[in-house]
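Below, each chain spelled out in residue letters.
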Amino acid sequence: MTVHAHPDDESSKGAATMAKYVAEGVQVLVATCTGGERGSVLNPKMDRPEVLADITNIRRAEMDRAREILGVEQAWLGFVDSGLPEGDPLPPLPEGCFGLQDPEEAAKPLIKLIREFRPHVMTTYDENGGYPHPDHIMCHKISVVAFEKAGDPELYPELGEPWQPSKLYYNSGWTRARMLALHEGMLAAGLESPYTEWLEKWADRDDRGDKITTRVECGEYFEVRDDALRAHATQVDPDGFWFHIPLEMQQKVWPTEDFELARSLVDSPVPESDLFAGIREKVDAH
Ligand SMILES: [Zn+2]
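Summarised in this report is the structure supplied together with it. These figures come from a predicted structure and were not determined experimentally. (Residues numbered from 1 in each chain as written. Predicted model: local features only at pLDDT ≥ 70, side-chain atom pairs only at ≥ 80, totals over all residues. Heavy atoms only, no water.)

**Brief notes about the packing of aromatic side chains**
So, step 1. Throughout the structure, instances matching the rule amount to five aromatic pairs.
So, step 2. Judged by centre distance (5.0 Å) and plane angle (75 degrees), the ring pair of Tyr21 and Phe276 falls under edge-to-face. On the criterion of sequence distance, the pair formed by Tyr21 in helix H2 (residues 15–23) and Phe276 in the loop between strand S7 (256–264) and helix H12 (280–285) is long-range, its members being 255 residues apart. The pair formed by Tyr21 and Phe276 is uniform in burial state, with each residue classed as buried.
So, step 3. Three or more aromatic residues link up through ring pairs in this structure, and these residues are Trp174, Tyr195 and Trp198.
So, step 4. Here the basic side chain of Arg230 rests over the ring of Phe243, its NZ or CZ set 4.8 Å away from the ring centre. (Phe/Tyr/Trp six-rings, centres within 6.5 Å; stacked < 30°, edge-to-face > 60°. Helix = DSSP H or I, 4+ residues; strand = E, 2+ residues; numbered from the N terminus. Buried < 20%, exposed > 50% of the residue type's maximum accessible area, 1.4 Å probe, protein only. Lys NZ or Arg CZ within 6 Å of the ring centre and 35° of its normal.)

Listed below in structure tokens is the structure:
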């Protein structure tokens, strides 16, 4: 089970890993916390009044398409997008939005989903949200609460039979090492790197590269990931930055998606190359 804040996040964080596991026969469920109602239209070709007027339905249809491409199942947790507050000082979050929820309460629909789907592995974002969007931070919080409470038979009997996932991971997003590898790959091939400026400013950024425990080889599925991402047409500019690095180069230079193992109830020495390490062995032994 992968928990994500908005429709489109599942296609940019760990999507090739999901596609790989689906191809191996693993059942994968994406839990989407919000409907993405307050996301701006980031694709100039889709920035039209009729699109904005119907954004909720359009984002649902985009998610359906991405789900088909990835071969996963998907469920909405039903919260309302907080939007990304901008300005100094930051404006208050809109009333009732996901970012303002009490994590203990907001974890309940996720606990219910865990008890129904019974995942062995869960992924979510790190405590900083991967990037500081209030919905991403809340996604982290409810995932941790749900991981800790779903298996407790004393808690919430109305939400179903207890189920304890065995491992919890955080998606690793951009690290300096990954960006530098892609940057150098582009330059070595005589191509222009989109990362020059980012790398110069990297000193201000939080780098969690040293927290990575798990690298999943999934270059074969980068194309599926990109197709799923493009299905979120209001959120992704097909001519944009995401698609500047040729796939073959990504497959050569950085063929993995990376994760931080945050909790494990099974024996799985790190570094690992499989989110199910320590679980497959246990299942096989039975
Ligand atoms: Zn998001």
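Now that the structure has been shown, we can carry on.
**Examining helix H6 (residues 108–117)**
So, step 1. Burial in H6 covers these residues: Leu110, Ile111, Leu113, Ile114, Arg115 and Phe117.
So, step 2. Among the structural elements, strand S1 (2–4), strand S2 (29–34), strand S3 (73–79), strand S4 (121–124) and helix H7 (134–149) are those in contact with the buried residues of H6.
So, step 3. Positive backbone phi, approximately 55 degrees, marks Arg118, located one or two places after H6. (Contact = heavy atoms within 4.5 Å.)

**Brief notes about the pattern of salt bridges**
So, step 1. Throughout the structure, instances matching the rule amount to 22 salt bridges.
So, step 2. Notably, a salt bridge pairs Asp237 with Lys45, separated by 3.6 Å at the nearest N-O pair. Highlighted residues: Asp237 in the loop between helix H10 (222–231) and helix H11 (247–253) and Lys45 in the loop between S2 and helix H3 (49–53), separated in sequence by 192 residues.
So, step 3. Since its relative accessible area comes to 45%, Lys45 is described here as partly exposed.
So, step 4. Three or more residues joined by partner-sharing salt bridges are found here, namely Lys20, Glu24, Asp274 and Arg280. (Salt bridge = Lys/Arg side-chain N within 4 Å of Asp/Glu carboxyl O.)

**Structural notes on the coordination of the zinc ion**
Between any two of four tetrahedral donors, the ideal angle at the metal is 109.5 degrees; between two of six octahedral donors, it is 90 or 180 degrees.
So, step 1. Summarising the metal site, the zinc ion is bound by the protein donors His6 (ND1), Asp9 (OD), Asp9 (OD) and His136 (NE2), whose distances to it range over 2.1 to 2.6 Å.
So, step 2. One way to put it: the four donor atoms around the zinc ion meet at angles of 53 to 142 degrees, and that makes the site irregular.
So, step 3. All donor residues of the zinc ion come from one chain, and their arrangement in sequence is H-x2-D-x126-H. Of this pair, His6 sits in the loop between S1 and helix H1 (9–12) while His136 sits in helix H7, placing them 130 residues apart in sequence.
So, step 4. For His136, a relative accessible area of 0% puts it in the buried group. (Donors = N, O, S within 2.8 Å, 3.2 Å for Na, K, Ca; no water. Tetrahedral: all angles 85-135°; square planar, octahedral: opposite > 155°, others 65-115°.)

**Focus on the nonpolar core**
So, step 1. Membership of the largest hydrophobic core comes to 32 residues, with the highest contact counts inside it found for Met1, Val3, Leu110, Ile114, Met122 and Ile142.
So, step 2. For this core, the secondary structure elements donating two or more residues are S2, S3, H6, H7 and strand S5 (167–171).
So, step 3. Per element, the largest residue contribution to this core is seven residues, and it comes from H7. (Core = buried A, V, L, I, M, F, W, Y, C linked by side-chain atoms within 4.5 Å.)

**Focus: the environment of Asp126**
So, step 1. Among the secondary structure elements, Asp126 is positioned in the loop between S4 and H7.
So, step 2. Each C-alpha atom, one on Asp126 and one on Glu260, is 8.4 Å from the other, the two residues being 134 residues apart in sequence.
So, step 3. Contact partners of Asp126, with chain neighbours within four places excluded, come to His140, Tyr170, Arg208 and Glu260.
So, step 4. Among the polar contacts listed, one links the side chain of Asp126 to the backbone nitrogen of Asn128, at a separation of 2.7 Å.
So, step 5. From its side chain, Asp126 meets the backbone nitrogen of Gly130 in a polar contact 3.3 Å long. (Polar contact = N/O pair within 3.5 Å; in protein donor to acceptor, adjacent residues only side chain to side chain.)

None of this, on its own, says anything about what the molecule does.
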